[in-house]
Structure formats: C-alpha cells, structure tokens
Amino acid sequence: MNLPPAAADLTATQTRREGCLRALGVTTLVLLAAADVLIAVANGKTLWPVLLLLSLGLAAVLWPRAHRPAWLTRSCGPSYQRAFPWP
C-alpha cells in the first residue's frame, strides 16, 4: 500500500488555507470599497474622485507582485523594509 507522505498533506492544507484567507481578504476589501462608494453617494459627494482613488488602491493591493507595474507601487527605502520585514 503506497500512502503519500504526511508532509504532502500538510503542504496541501497550508496552500488551501492560504487560498481561503486570500479569498476572504479580497472579498472584504471589495465589500468595503463598495460600502465606501455607497456612503459617498448617500452623502451627495462627487463620485469620480472616490472611484479613482479606490480603483488605484485596490489595484495596488490586489495586483500580483510578479506582474505589478513599477508606476503602481514604488519601492520603499531600507528603513521601511527594516520596520516591516515581510516581502
């Protein structure tokens, strides 16, 4: 009987968990952006600045790092990287 190693199951579980957390985070961001637009409309604000800023912010956060254009997010200096060590 050939059973897969236990490490393979752990990797699959972590990948699935990361995918679920990513989906939850994306859904939360999009719902909060939609709520922000609804609040702006309810208060009679001009809609185009809100949509512009939200679309740029969502693109900067949700765009995959490998394909993200340089103009969207500038690289930060070493002091920022020391303060926030995650990639």
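What comes next is a walk through the structure. (Residues numbered from 1 in each chain as written. Predicted model: local features only at pLDDT ≥ 70, side-chain atom pairs only at ≥ 80, totals over all residues. Heavy atoms only, no water.)

This part is about the overall build of the protein. A tally of helices and strands in the protein yields three helices and zero strands. Ordered by position in the sequence, the α and β elements of the protein form the string α-α-α. Expressed as a percentage of its 87 residues, the buried residues of the protein come to 7%. Within the structure as shown, the protein displays about 7,600 Å² of accessible surface, and the carbon and sulfur contribution to it stands at 68%. (Helix = DSSP H or I, 4+ residues; strand = E, 2+ residues; numbered from the N terminus. Buried < 20%, exposed > 50% of the residue type's maximum accessible area, 1.4 Å probe, protein only. Areas by Shrake-Rupley, 256 points an atom, 1.4 Å probe, with all protein chains shown as cover.)

This paragraph deals with a nonpolar patch on the surface. Residues Val26, Leu29, Val30, Val61 and Leu62 make up a contiguous nonpolar surface patch of roughly 360 Å² in combined accessible area. Elements represented by at least two residues in the nonpolar patch include exactly helix H1 (6-42) and helix H2 (47-62). Counting residues per element, the nonpolar patch draws most heavily on H1, at three residues. Residue position: Leu29 is located in helix H1. Using a relative accessible area of 33% as the deciding quantity, one classes Leu29 as partly exposed. (Patch = residues over 30% accessible without salt bridge, like charges linked within 9 Å, V, L, I, M, F, W, Y side chains within 5 Å. Salt bridge = Lys/Arg side-chain N within 4 Å of Asp/Glu carboxyl O.)

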